[in-house]
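Take a look at the letters that make up each chain.
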Amino acid sequence: SLSTPQVMTLKMVLCVALVSLLPRGSAAGINNARTSLPVLARQVRHFAGPAGGHAAFQTQAVLQARPRGAAACHRMLSFSLRSLSFSGAVTHAWGMTALRGGGGGAPNARAMSGGAASSTCSLEIEQFPCLSDNYGYLVHDKASGQTAVIDTPEVGPIMEALERKGWKLTHILNTHHHHDHAGGNLEIKEKTKCQIVGPKNEQEKIPGIDVAVGQGDTFKLGNQEVRVLDVGGHTLGHVAFVFAEDNVAFVGDSLFAMGCGRKFEGTYEQMFESLKRLNQLPDSTTVYCAHEYTLSNGKFALSVEPDNEALQIRQKEVEAARRKGEWTVPTTMAAERSTNPFLRWHSSSLRKSLGLAADASELEVFKATRIAKDKF
């Protein structure tokens with residue numbers, strides 16, 4: 001039998017699952033779901049406490065964007081479902097199987113071999129492993145057929161993914177100049193005759209660059225508008241690429257699941273402002289980072305914020321996923337705001353762990369957190 005919080009949460013999941021299957025423009029269905037969700041969310045918070053509140057918050061975040069398909073819906077709900085610590089039978093038999101249509105792997109928990117696609121209304125994203133811990137991403141605009149690769153960590157897997165999907169590469173989008181992000185530029189450009197877009201503040205370091213972009217710039221990938229964010233700090237000119245229409249961001253090494261990049265070239269002030277810029281993205285934004293660092297990041301996060309219940313739950317999920325060789329990327333901004341110490345400057349528990357005064361500035365908290373992670 002199901003407990004009251006389980007029943008309430010399953011109602012929320014059903015509500016979102018049904019809406020996710022509606023065609024774009026089904027305003028009535030979306031509005032009905034948005035009307036119902038806050039009531040259900042309050043009930044879950046009441047019966048299930050902080051964990052239930054976190055799950056409810058995550059579930060509501062799904063409907064901040066228009067319906068994006070069952071796969072995308074599952075990706076954003078999987079963490080929410082497991083946050084209530086349901087029995088495995090309940091979670092898998094009802095929530096996951098229903099949203100997946102009875103089969104297939106979870107979009108955010110895939111085995112470390114081959115590739116796997118997630119699809120929104122207008123984009124298809126193919127994710128695959130590269131090097132020892134990098135991820136490669138192909139971004140395909142369905143309407144125009146144009147395809148970009150986010151960075152070029154390893155030529156072989158990128159070309160194999162293009163062949164597997166039957167896509168022609170038209171663009172390379174470089175987030176920064178490090179070799180595991182731009183090292184394959186020239187070989188891939190020679191093979192595909194694609195255009196290379198990269199950060200203007202690092203253009204002399206980006207092999208084969210054709211178009212230099214910076215903060216606030218926009219450009220088109222087929223029918224998709226891509227917005228550029230300056231997220232320097234890891235490197236001086238690091239940028240992120242945001243596909244706002246589909247609520248997707250590719251952030252390179254600026255932000256990781258439960259972590260952020262090391263400060264190699266920039267300043268703490270610069271990196272802090274970059275993370276604040278990313279922190280303005282909607283909760284429902286799907287965040288694709290460049291490395292599988294989540295397990296070690298979570299261990300550090302727990303060391304500085306051990307009382308964070310959402311973090312405790314998430315780390316258990318990450319540990320279970322990694323034991324099975326599954327991926328923990330992508331993530332969402334909602335998940336990062338609740339569990340990533342580099343976005344939790346307000347946390348009194350974090351400040352206490354770092355030995356900072358209650359009135360320490362947010363910059364001081366970030367700087368102390370980054371230094372502590374460097375020594376961890």
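In this text, all values refer to a predicted model and were calculated from it rather than measured experimentally.

Caption draft 1: Region of interest: the sheet that holds strand S10 (residues 239–243). Read across the open sheet, the six strands follow the order S8-S9-S10-S11-S14-S15; overall the sheet is mixed. A strand with exactly one partner marks an edge of an open sheet, and here the two such strands are strand S8 (218–221) and strand S15 (331–332). On top of the sheet, helix H8 (residues 268–278) reaches strand S9 (224–230), S10 and strand S11 (248–252); it is set at about 150° to S9, its chief contact.

Caption draft 2: Looking closely at the side chain of His178. As for its placement among the helices and strands, His178 is situated in the loop between strand S5 (171–173) and helix H6 (179–182). Classification of His178 by relative accessible area gives buried; the value is 19%.

Caption draft 3: Representation of the nonpolar core. Counting 51 residues, the largest nonpolar core has Phe243, Phe250, Leu275, Leu278 and Phe366 as the members making the most contacts within it. Counting 15 residues, the second-largest nonpolar core is a separate cluster that includes Ile158, Ala161, Leu162 and Ile196.

Caption draft 4: Expanded view of the confidence of the model for the chain. The predicted model of the chain has a mean per-residue pLDDT of 80, with 68% of residues at 70 or higher. Ignoring residues within four places in sequence, the model shows residues 23–32, a span with pLDDT below 50, making nine contacts including any to other chains. Across residues 78–112, where pLDDT falls below 50, the model places 78 contacts with residues more than four positions away in sequence or in other chains.

Caption draft 5: A look at the pattern of salt bridges. In this structure the tally under the stated criterion is 15 salt bridges. Across the salt bridge formed by Glu187 and Lys191, the nearest N and O atoms sit 3.9 Å from each other. One end of the pair, Glu187, and the other, Lys191, are both in helix H7 (residues 185–192), four residues apart, so they sit about a helical turn from each other.

Caption draft 6: Main features of the packing of aromatic side chains. Here the structure, examined in full by the defined rule, presents 13 aromatic pairs. Plain terms: the ring middles of Tyr135 and Tyr137 are 6.4 Å apart, the flat faces sit at 40° to each other, and that makes the pair tilted. The buried category is assigned to Tyr135, whose relative accessible area is 2%. Here Tyr137 falls in the buried class, since its relative accessible area comes to 2%. Following the ring pairs from residue to residue traces out a cluster consisting of Tyr135, Tyr137, Phe243, Phe250, Tyr288 and Trp327. Seen from the ring of Tyr268, Lys263 lies directly overhead, with NZ or CZ sitting 4.8 Å from the centre.

Caption draft 7: Expanded view of helix H13 (residues 362–375). The end-to-end C-alpha separation of H13 is 20 Å, in line with the 20 Å expected for 14 residues at 1.5 Å each. Residues of H13 that are buried include every one of Val365, Phe366, Ala368, Thr369, Arg370 and Lys373, and no others.

Caption draft 8: Structural detail: unusual backbone geometry. The omega angle of the peptide bond from Val329 to Pro330 is 15°, so this bond is cis rather than trans. Along the chain, the position of Pro330 falls in the loop between helix H10 (309–323) and S15. Notably, Asp151 is not glycine yet its phi reads approximately 65°, a positive angle. Considering the arrangement of structural elements, one finds Asp151 in the loop between strand S4 (147–150) and helix H5 (155–165). Relative accessible area serves as the criterion here: at 3%, Asp151 is assigned to the buried category. A positive phi angle is found at Met258, which is not glycine, with a value near 65°. The class for Met258 is buried, based on a relative accessible area of 0%.

Caption draft 9: Representation of H10 within the structure. Taking 1.5 Å of rise per residue, 15 residues should cover 21 Å, and H10 covers 22 Å from first to last C-alpha, within 8% of that figure. The set of residues buried in H10 consists of Ala310, Leu311, Ile313, Arg314, Gln315, Val318 and Ala321. Sitting at the head of H10, Asn308 places a side-chain oxygen 3.1 Å from the backbone nitrogen of Ala310. Gly325 occupies a position one or two residues after H10 and carries a positive phi of about 75°.

Caption draft 10: Region of interest: the pairing of S10. Taking burial as the measure, the five residues of S10 include five buried ones, the bulk of the element. Burial of S10 is two-sided: the residues Val239, Phe241 and Phe243 facing one way and the residues Ala240 and Val242 facing the other way are all buried. Where S9 lies against S10, four bridges are found, and the strand directions are antiparallel. Within S10, the position partnered with Val228 by the bridge is Phe241. Summarising the sheet, S10 and S11 pair through three bridges and their orientation is antiparallel. Within S11, the position partnered with Phe241 by the bridge is Phe250. In this structure, the hairpin formed by S10 and S11 is closed by a connection of four residues, where Asn247 is found at a positive phi of approximately 60°.

Caption draft 11: A look at the pairing of S4. In S4, alternate side chains face the same way, and those of Thr147 and Val149 on one face and Ala148 and Ile150 on the other are all buried. For strand S3 (residues 134–141) and S4, the ladder comprises four bridges, and the chain directions are antiparallel. Its bridge partner lying in S4, Tyr137 is registered against Ile150. What sits between S3 and S4 in their antiparallel hairpin is a turn of five residues, with Gly145 showing a positive phi close to 85°. The sheet contact formed by S4 and S5 spans three bridges and is parallel. Within S5, the residue paired with Val149 across the bridge is Ile172. With H5 bridging S4 and the parallel S5, this β-α-β connection has right-handed handedness.

The rules behind the values
- Residues numbered from 1 in each chain as written.
- Predicted model: local features only at pLDDT ≥ 70, side-chain atom pairs only at ≥ 80, totals over all residues.
- Heavy atoms only, no water.
- Pairing = 2+ DSSP bridges.
- Helix = DSSP H or I, 4+ residues; strand = E, 2+ residues; numbered from the N terminus.
- Contact = heavy atoms within 4.5 Å.
- Axes fitted to C-alpha atoms, helices over the stretch in contact; angles between N-to-C directions.
- Buried < 20%, exposed > 50% of the residue type's maximum accessible area, 1.4 Å probe, protein only.
- Core = buried A, V, L, I, M, F, W, Y, C linked by side-chain atoms within 4.5 Å.
- pLDDT = per-residue confidence, 0-100.
- Salt bridge = Lys/Arg side-chain N within 4 Å of Asp/Glu carboxyl O.
- Phe/Tyr/Trp six-rings, centres within 6.5 Å; stacked < 30°, edge-to-face > 60°.
- Lys NZ or Arg CZ within 6 Å of the ring centre and 35° of its normal.
- Expected span 1.5 Å × (residues − 1).
- Polar contact = N/O pair within 3.5 Å; in protein donor to acceptor, adjacent residues only side chain to side chain.
- Right-handed = clockwise from strand over helix to strand, strands pointing away.

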